[in-house]
Amino acid sequence: MKKISLTGIKPTGDLHIGNYFGAIKPALELANEYDARYFIADYHALNTMKDPKELNTTIRQVAAGWLASGLDPEKVIFYRQSSIPEVFELNAMLMAFTAKGLMNRAHAYKAAVQDNAEKGDDTDAGINMGLFTYPVLMAADIIIFDSDVVPVGKDQVQHIEMAQDIAQSVNANYGKQVLKVPQAAVQENTALIPGLDGRKMSKSYGNIIPLFTPEKQLRKTIMRITTNSQTVEEPKNPDESQIFQLYKLFAEPQEETDLANRYRAGGMGWGDAKEELFRVVDRTLAPIRRRYDEIMADIPSLDKILKQGAEKARPIAQSTINRFRKAAGVD
Ligand code: ADP
Ligand code: TRP
């Protein structure tokens, strides 16, 4: 039997290059050798997105992003989290096996608490239970499909470790393997794509290069990348430049070597470095962007694909739930 690869993306805003190289591309590569299940984590997005129209749109955008990037729904089970009620049943069951202290240690929750403390607010301000218990729902997403590997960027590794802890505590309680214990699959070279300001590219930092922005806008965004004050003449170290880090993702090996030499030789300013980056980014993204626009122009077909995916996913989800209910004595 083939191993199972699973990952999800929250529809909380525009997909960006970090999502593409950190999650989508490695996941699509894994789909060639694994049985793949990829989904839109729409209930995870509900924690922060309360505008129905906006959420409705971003769900379709992220789905179209996967398809435009090459996901083949005949090969990959592709669905919305919210279409699989068994995920939420498993979430409720896993709650009983999740230590509150484990949730206290989650990075996202700790960051929110610290942020409140720094502002002098009540430490619980603006934190809903969805955020606090986020890792349990994520564990349910993963465990429901007996996933072996979860392709994600580095920032999600802690969540996968928590899913391991939770599955192991279930298995330890019943003295047998009721639930599969998943592993994270992080690609070292794309684990942390830098954003415009050099920090991790993230929607929450407002430093993204969106995947599906028109050419003109893409160029403008790339021109906004922060640089140091080195003059045109000065030789530059490509390994210390986030422009070059991004360039490497899109360039052919020969292009990479040639441009690294130009950096080191001096005589090339940051403006030129950004132009070179724009050229390779646009070359790669233009065809994906065209497919994305076509998919977004036909939402009923997109919704049909997601519905068919959910129909394929549910029987698998039901069998995991039945196995767990039986082990728990709730059958
Ligand atoms: P964001 O940080 O923009 O909110 P998400 O948390 O929705 O992004 O991430 C979706 C997927 O993309 C996850 O697997 C995450 O690890 C990956 N990812 C996001 N940003 C990056 C990045 N800068 N580098 C590598 N992977 C990333
Ligand atoms: N937490 C992930 C993120 O922020 C999204 C996600 C939800 C996920 N459920 C998942 C990723 C299950 C992998 C597996 O990006």
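Here, every reference points to the structure presented above.
As a starting point, this report considers the structure included with it. (Residues numbered from 1 in each chain as written. Chains lettered and ligands numbered in written order. Predicted model: local features only at pLDDT ≥ 70, side-chain atom pairs only at ≥ 80, totals over all residues. Heavy atoms only, no water.)

1. Side note on the overall build of the protein
Defined as follows: Going along the chain from the N terminus, every DSSP run of H or I of four or more residues is numbered as a helix, and every run of E of two or more is numbered as a strand. Using C-alpha atoms as the atom set, the radius of gyration is obtained and then compared with a globule rule of 2.2 Å times the number of residues to the power 0.38. Here's how the labels work: a residue is buried when its accessible area is under 20% of the maximum for its type, exposed when over 50%, partly exposed in between, all with a 1.4 Å probe on protein chains only. Two residues qualify as a contact provided that any one of their heavy atoms is within 4.5 Å of a heavy atom in the partner residue. A 1.4 Å probe and the Shrake-Rupley method give the accessible areas. Residues count as covered only by the protein chains that appear here. The convention is simple: Lys and Arg are positive, Asp and Glu are negative, and His and the chain ends are not counted. Just so you know, the charge point we use is NZ for Lys, CZ for Arg, CG for Asp and CD for Glu.
Each helix and strand counted, the protein has 14 helices and 5 strands in total. The C-alpha atoms of the protein give 21 Å as radius of gyration, which agrees with the globular expectation for 331 residues (20 Å, within 12%). In terms of its C-alpha atoms, the protein occupies a principal-axis envelope of roughly 75 × 50 × 40 Å. Burial status across the protein gives 50% buried among its 331 residues. Long-range contacts, defined here as pairs at least 24 residues apart, represent 77% of the contacts in the protein between residues at least 6 apart. Just so you have it, the protein exposes about 15,900 Å², and 50% of that area is on carbon and sulfur atoms. In the protein, which carries 41 positive and 43 negative side-chain charges, the distance between the mean positions of the two groups comes to 3 Å.

2. Digging into the site of ligand 2
What counts here: Residues are labelled near a given molecule or strand when at least one of their non-hydrogen atoms is within 4 Å of it. Here a polar contact is recorded for every N or O atom pair within 3.5 Å, except that within protein the pair must consist of a potential hydrogen donor and a potential acceptor, and residues adjacent in sequence are included only if both atoms are side-chain atoms. Throughout, the ten residues Ala, Val, Leu, Ile, Met, Phe, Trp, Tyr, Cys and Pro are labelled nonpolar, Asp, Glu, Lys and Arg are labelled charged, and all others, Gly among them, are labelled polar.
If you check the shell around ligand 2, you find 14 residues, and the closest are K10, Y134, M138, D141 and Q156. Contact distances for ligand 2 include 2.6 Å between a nitrogen atom and a side-chain N or O atom of Y134. Interatomic distance of 2.7 Å between a side-chain N/O atom of D141 and a nitrogen atom of ligand 2. In isolation ligand 2 exposes 360 Å². Once the protein is present, 91% of that is buried. Of all the secondary-structure elements, those providing two or more residues to the shell around ligand 2 are β1 (4–9) and α8 (134–143). Looking at which element gives the most residues to the shell around ligand 2, the answer is α8, with 4 residues. Taken together, the residues of the shell around ligand 2 break down into 8 nonpolar, 4 polar and 2 charged.

3. Some words on the pairing of strand β3 (residues 77–80)
The test is simple: When DSSP finds at least two bridges between two strands, those strands are taken to pair.
What you see with β3 is no split at all: I77 and Y79 on one side and F78 and R80 on the other are buried throughout. In terms of strand pairing, strand β2 (residues 35–40) meets β3 through 4 bridges, oriented parallel. Note on β3: the bridge partner recorded for R37 is I77.

4. Points about the pairing of β1
In terms of burial, β1 is a largely internal element, 5 of the 6 residues being buried. Where β1 meets β2, 6 bridges bridge the pair, whose relative direction is parallel. Considered in β2, the bridge of L6 is made with R37.

5. Looking at the site of ligand 1
As a structural note, the neighbourhood of ligand 1 is formed by 18 residues, with H16, G153, D155, I193 and K203 the closest of them. Taking K200, its side chain carries an N or O atom lying 2.9 Å from an oxygen atom of ligand 1. In the model, a nitrogen atom of ligand 1 is placed 2.9 Å from a nitrogen or oxygen of the M201 main chain. Within the complex, the protein chains bury 95% of what would otherwise be the 540 Å² of accessible surface of ligand 1. The class makeup of the residues in the shell around ligand 1 is 6 nonpolar, 8 polar and 4 charged.

6. Overview of the side chain of T58
Looking at the secondary structure, you find T58 in helix α3 (residues 52–68). There is a polar contact of 3.1 Å between the side chain of T58 and the backbone oxygen of L55. Apart from residues lying up to four places away in sequence, T58 is in contact with P11, G13 and M49.

7. Notes on the pattern of salt bridges
Heads up, the rule is: Definition used for salt bridges: Asp or Glu carboxyl oxygen within 4 Å of a side-chain nitrogen of Lys or Arg.
This structure, assessed with the given rule, holds 17 salt bridges. The salt bridge involving K25 is made with E29; its shortest N-O contact spans 3.7 Å. Of this pair, K25 and E29 both sit in helix α1 (residues 17–30), 4 residues apart, which is roughly one turn of that helix. One salt bridge connects R80 with D42, and the closest N-O pair in it is separated by 3.0 Å. With R80 in strand β3 and D42 in helix α2 (residues 42–46), this pair connects stretches of sequence that are 38 residues apart. Salt bridges linked by common partners bring E255, R262, E276, R279 and R283 together as one network.

8. Section: the nonpolar core
Basically, it comes down to this: Think of a nonpolar core as a cluster: buried Ala, Val, Leu, Ile, Met, Phe, Trp, Tyr and Cys residues, connected wherever their side-chain atoms sit within 4.5 Å.
One finds I17, Y38, W66, F78 and L277 to be the most contacted residues of the largest nonpolar core, which totals 60 residues. Breaking this core down by element, the ones donating at least two residues are α1, β2, α3, α10 (215–223), α11 (242–250), α12 (253–265), α13 (270–296) and α14 (299–328). Per-element tally for this core: the top contributor is α13, with 9 residues. Those residues within four positions of F78 in sequence are excluded, and the remaining contacts are Y38, I40, A63, W66, L67, L71, I305, L306, G309 and A310. Counting residues in hydrophobic clusters, the runner-up holds 43 residues, among them M93, A139, M162 and A167.

9. Here we look at the packing of aromatic side chains
For clarity, the threshold we go by: Note on ring pairs: Phe, Tyr and Trp rings are taken, using the six-membered ring of Trp, and paired if centres are within 6.5 Å. Classes follow the plane angle, with under 30 degrees stacked, over 60 edge-to-face and the rest tilted. Charges are assigned to positions over rings by a cutoff of 6 Å between ring centre and Lys NZ or Arg CZ, combined with an angular limit of 35 degrees from the ring normal.
Evaluation of the coordinates by the stated rule reveals 15 aromatic pairs. With 5.0 Å between their ring centres and 85 degrees between their planes, F21 and F250 make a pair best called edge-to-face. In this pair, F21 sits in helix α1 while F250 sits in helix α11, placing the two residues 229 residues apart along the sequence. For the pair F212 and Y292, a centre-to-centre distance of 3.8 Å together with 5 degrees between the ring planes defines the contact as stacked. Taken together, the residues F212 in the loop between β5 (183–185) and α10 and Y292 in helix α13 connect sequence positions 80 residues apart. With respect to burial, F212 and Y292 carry one shared label: buried. Put simply, the rings of F244, Y247, Y263 and W270 pair up and form one aromatic cluster. The ring of W270 is capped by K236, whose NZ or CZ atom sits 5.6 Å from the centre of that ring.

Note that all results are geometric; they support no functional claim without further evidence.
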